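Descriptive structure summary
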Amino acid sequence: RAGAVEVREQQVEVAAQVGKSEKSRKEVDITLDGLLEKIREYCPTADFAKITKAYDFAERMHSGQLRRSGEPYFIHPCSVASIICDMKLDTASIITGLLHDTVEDTVASIELIEEEFGAEVAQLVDGVTKIGKITFNSKEEAQAENFRKMVVAMARDIRVILVKLADRTHNIRTLKHVPAHKQKEVARETLELYAPLAHRLGIFWLKTELEDTSLRFLHPEVYAQLKMHVNAKKQERQNYTEEVMDLLRQTLISQGLQTANVTGRAKHFYSIFQKMQSRGLGFDEVQDLIAFRILIDDNAQCYQALGIVHTMFKPVPGRFKDYIALPKPNMYRSLHTTVIGPAGQRVEVQIRTREMHQVAEEGIAAHWMYKGESHAEMGVEEARRFAWLRQLVEWVQQLNDPQEFLHSVKEDLFEKEVFVFSPKGDLYALPKGSSIIDFAYRVHSELGNHCMGGRVNGRMVQLKYQLANGDTVEVITSPNQVPRREWLGMARTSKAQARVRAWLKGQQREKSVSLGRVLLEKELKFYVQRNLDVAHKVDSGEYKERMTRVLAAFNLKEEEQLLAALGYGQVTVQDFLTAFFADSLSGWEADTEALRVIGEAKAAIMSNQEGDEKDESEGVLVGGQRNMLIQFCKQCAPLHGEHIKGIITRGSGIKVHGATCEILLESDAQRVIGVAWDSSSPPPPRAVEVEVECTDAPGMLASMSRAIGSVGVNIGGVVLKKLIAGTGLARFEVFVSTMEEMQKVISALESETGVLRVARGALSGRKDAKRRTIKASVVPSNLMSDM
């Protein structure tokens, strides 16, 4: 929390702007009086003084700011507050609508908001405010992380998403003022995230507006054609609607339902567009363009009205849905039926009570309409009504990758659903296409881990069976059954897939630890037998000291990680033995000058890294763009001046390879992307391995080290290996920026007496590409074998 002095300084800065807002107040079309009158219509006991204070505060904060349209920016928070009033929300929500951009776009802070308007409003404003202080690698990642933040805030208080929906609604109403490419981005995001959220929350009028407006900007030609077709038959449709309404009304009254209210409406554009797309129809082929709604007093009358409608008109088989007995997850309840109306036209009829209708139109907002008091806990209470919201929060906790989280939201949360029952009669909603595995994991993780089949409606089925509406599902388990890799292809939901992956990963780790232990014990016995003079007895204290040194060399935290790395093949047993018995070796450790040269080079590298740390993205252009998320292939380690290509990886940006790298040649061609060296930006030094075969002679290591240092290149580490016939192998890790520098290193080494062969990148083209290089910076200085 900011100190009192900081808050007061902000208040002084705010006060300095008081006189600037008079002009913009005249230009704002939603006046304070108009807003207060709108609130007074549904809540005469609202805190009007606090709302007025928030109105004036926001007006001062946004004074002098303009929207893209040239209008004062203050029009936007005013309009958002007005939309929140249309939802009939409470005082805190209205104030949040007025203040929602002050923290992000003005000098105001959350601490100042809390001081002026209280903790409840501050928490809501913070939940709506975007994450602005984090640098993301892509727009998609920023979008995902902002959505994740909103979900966490929404779990605490559902009003966060209601304010955010109002914000998005006004933004899309004024979308014509932004560039065309931005229009499509916002429209697509609205259609993929915000309209489905409005649907999940049950706010039908908002969902309809968001969908239709998004369609207008995303597919302007389609929208124009739909509008033209609908307007062409507008009068004819109105006449037909009035005829059917009169017929329904008279018949219902004659059957004793005097209070029945009948209305008719044309379906909205996006609904028509979806129907045309899913069924491959032209506009003239879409039949049920008109929907009628019957509102009555209680549930029994709903079914009575349904019988009357089916007596009047022939029902279309398979088009009846009972959402009263089986409500949707967003609390929507109604009877839906499609019948053949007058003139042979198909019409949809919805029948529900007036209370159901309020929930159908306003959704959760109907439960949040002003109740005379305002507590954040009430928001939590409403949030608990929504199983899908709990699912969202669970994904936030489980999925660390923000883009994977957003993918899960789009795939699972907003897909069409099937409703199935447990043997006890509990109702579960799952995405369409879900299997027995998805159902089992939805009930409980352990049930999923041990499921071996299912019984649907009393009939045995396989795990891959796709569930249908109304199925009663019983999961058959066995204590010996465990998840299998092929389950990933059967599971439809992200939750089931994540649980299966977690189990498989855990099992793979256990196997790798076990394999690593077997390999290590076997090789240790071999090593002791062959090196009795080296492998002296090690007591427990010395063992811990040596193991700590080994773990540090491989950048690991515990022995189990080391065993897993051995099992995976990420660390070889030879590397472990070399590090563990480092002080027992002889020969080159007597070459003190070599150790001094390497030590000085290592110190220089550490100094450079501390003073000027650079990112791998420097020096490479992707599609002509800089500052992309870049990684270099460790196997081929391409250098500036070589021909390179990139591979698009999942979650790790672009990996740059040399044009002849084996990994590149074996990769999916569709993932290959063009990259180029940035000639305007000097590339930073990177670690590259140089393999030198030389004679086993005193002073050889020092000579090679001096040769590398003579061309201005630092040494990061060296690994030595004894070969046959009086020769040895030295693998140097050197830091170079370009291919030209690399060639200088090779030439300098080749000129040394006793050097037999020099090759760059011993890992390049080798099958043992996962071998770890032991760096001099973490390996004791006496790690030198006798050659």
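Reading guide: rules and limits
Residues numbered from 1 in each chain as written. Predicted model: local features only at pLDDT ≥ 70, side-chain atom pairs only at ≥ 80, totals over all residues. Heavy atoms only, no water. Helix = DSSP H or I, 4+ residues; strand = E, 2+ residues; numbered from the N terminus. Buried < 20%, exposed > 50% of the residue type's maximum accessible area, 1.4 Å probe, protein only. Contact = heavy atoms within 4.5 Å. Salt bridge = Lys/Arg side-chain N within 4 Å of Asp/Glu carboxyl O. Pairing = 2+ DSSP bridges. Axes fitted to C-alpha atoms, helices over the stretch in contact; angles between N-to-C directions. Phe/Tyr/Trp six-rings, centres within 6.5 Å; stacked < 30°, edge-to-face > 60°. Lys NZ or Arg CZ within 6 Å of the ring centre and 35° of its normal. pLDDT = per-residue confidence, 0-100. Parallel < 35°, antiparallel > 145°, perpendicular 65-115°, else oblique. Left-handed = near helix turned anticlockwise from the far one by under 90°. Nonpolar A, V, L, I, M, F, W, Y, C, P; charged D, E, K, R; others polar. Core = buried A, V, L, I, M, F, W, Y, C linked by side-chain atoms within 4.5 Å. Expected span 1.5 Å × (residues − 1). Arc of directions from axis to C-beta.

**What about the overall build of the chain?**
Tallying secondary structure elements over the chain gives 33 helices and 21 strands in all. Burial statistics for the chain: of 787 residues in total, 49% are counted as buried. Summarising the internal contacts of the chain: among those between residues at least 6 apart in sequence, 69% fall at separations of at least 24.

**Side note on unusual backbone geometry**
Residues other than glycine predominantly adopt negative phi, and peptide bonds predominantly adopt the trans conformation. Within the chain, Asn457 stands out as a residue other than glycine whose phi angle is a positive 55°. Here Asn457 is to be found in the loop between β9 (451-456) and β10 (459-461). In this structure, Ala637 takes a positive phi of about 45° despite not being glycine. Tracing the backbone through its elements, the reader meets Ala637 in the loop between β13 (630-632) and β14 (644-648). The class for Ala637 is buried, based on a relative accessible area of 9%.

**Considerations on the pattern of salt bridges**
Under the criterion given, the structure shown has 16 salt bridges. The salt bridge involving Arg173 is made with Glu209; its shortest N-O contact spans 2.5 Å. Here Arg173 is found in helix α11 (residues 159-173), whereas its partner Glu209 is found in helix α13 (residues 204-218), with 36 residues between them in sequence. One salt bridge connects Glu691 with Arg731, and the closest N-O pair in it is separated by 3.1 Å. Residue Glu691 is found in strand β18 (residues 686-695), and its partner Arg731 is found in strand β20 (residues 727-736); the two are separated by 40 residues along the sequence. Among the charged side chains, a network of salt bridges with common partners joins Glu691, Glu693, Arg731 and Arg757.

**What to know about the sheet that holds β18**
As summarised here, the arrangement of the four strands in space is β19-β20-β18-β21, forming an open sheet in which the pairing is antiparallel. On the outer flanks of this sheet lie β19 (714-722) and β21 (755-760), each paired with one strand and no other. Each strand axis lies, on average, 20° off the axis of its neighbour in the sheet, ignoring direction. Pairing between β18 and β21: five bridges, direction antiparallel. What sits directly across from Val692, in β21, is Val758. Set on the sheet, helix α32 (residues 700-710) makes contact with β18, β19, β20 and β21; between it and β20 the angle comes to about 25°. Sitting on the sheet, helix α33 (residues 739-750) touches β18, β20 and β21, and the angle it makes with β21 is about 165°.

**Details of the environment of Ser512**
In this structure, Ser512 sits in helix α26 (residues 494-530). Judged by relative accessible area, Ser512 falls into the buried class, the value being 3%. Note: C-alpha distance between Ser512 and Ala565 (53 residues apart in sequence) is 7.4 Å.

**Notes on the sheet that holds strand β16 (residues 672-673)**
What the four strands build is an open sheet, ordered β13-β15-β14-β16; its pairing is mixed. Single-partner strands in this sheet number two, and they are β13 and β16.

**With respect to the packing of aromatic side chains**
Inspection of every chain in the model, using the stated rule, returns seven aromatic pairs. Judged by centre distance (5.2 Å) and plane angle (75°), the ring pair of Tyr223 and Phe269 falls under edge-to-face. Here the residue Tyr223 occupies a position in helix α14 (residues 220-232), and Phe269 occupies one in helix α16 (residues 269-279), the gap between them amounting to 46 residues. Comparing Tyr223 with Phe269 shows no difference in burial state: the two are buried. Above the plane of the ring of Phe48 lies Arg40, whose end atom (NZ or CZ) is 4.6 Å from the centre. Note that Lys53 overlies the ring of Phe117, its terminal NZ or CZ placed 5.2 Å from the centroid.

**Things to note about the confidence of the model for the chain**
Scored by pLDDT, the chain comes out at a mean of 75, with 71% of its residues at no less than 70. Throughout residues 1-28 the model reports pLDDT below 50, and contacts reaching past four residues in sequence, or to other chains, amount to 39 contacts. The low-confidence segment residues 585-615, where pLDDT is below 50, has 53 contacts with residues more than four positions distant or belonging to other chains.

**Concerning the packing of helix α9 (residues 119-128) against α11**
Packing of α9 against α11 leaves a shortest axis separation of 9 Å and a crossing angle of 55°. With respect to α11, the element α9 is oriented oblique. By crossing handedness, the relation of α9 to α11 is classed as right-handed. Residue-level contacts link Glu120, Leu124, Gly127 and Val128 of α9 to Arg159, Val160, Val163 and Lys164 of α11. Looking at the contact of α9 with α11 residue by residue, the class counts come to four nonpolar, one polar and three charged.

**A short note on the nonpolar core**
Among the nonpolar cores identified, the biggest contains 74 residues, and Leu99 and Leu165 are the most heavily contacted of them. Once residues within four sequence positions are removed from consideration, Leu99 is found in contact with Ala54, Phe57, Ala58, Ile113, Phe117, Val121 and Val125. Counting residues in each nonpolar core, the second largest holds 26 residues, with Val688, Leu720, Phe732 and Val736 among its members.

**Re α33**
With twelve residues, α33 extends 16 Å between its outermost C-alpha atoms, agreeing within 8% with the 16 Å of an ideal straight helix rising 1.5 Å per residue. Every buried residue of α33 is accounted for by Met742, Val745, Ile746, Ala748 and Leu749. All buried residues of α33 project into a common sector of 165° when viewed along the axis, lining one side. The inward-facing, buried residues of α33 abut β18, α32, β20 and β21.

**What about the packing of helix α4 (residues 48-61) against helix α8 (residues 110-117)?**
Interaxial distance between α4 and α8 falls to 11 Å at its minimum, and their mutual angle equals 150°. Classified by the angle between their axes, α4 and α8 sit roughly antiparallel to one another. Remark: the crossing between α4 and α8 carries right-handed chirality. For the pair α4 and α8, contact is made by Lys50, Lys53, Ala54 and Phe57 and by Leu112, Ile113, Glu116 and Phe117, respectively. Class assignment for the residues of the contact of α4 with α8 results in five nonpolar, no polar and three charged.

**Structural notes on the pairing of β9**
Direction of pairing for β9 relative to strand β11 (residues 473-477): antiparallel, over a ladder of five bridges. Each bridged residue has a counterpart across the sheet, and for Cys451 the counterpart in β11 is Thr477. Both β9 and β10 contribute to a ladder of three bridges, which runs antiparallel. Residue pairing for β10: Gly454 is matched across the bridge by Val461.

**Some thoughts on the environment of Gln508**
When you line up the elements, Gln508 lands in helix α26. Separated by 56 residues in the primary sequence, Gln508 and Ala564 have C-alpha atoms spaced 9.1 Å apart.

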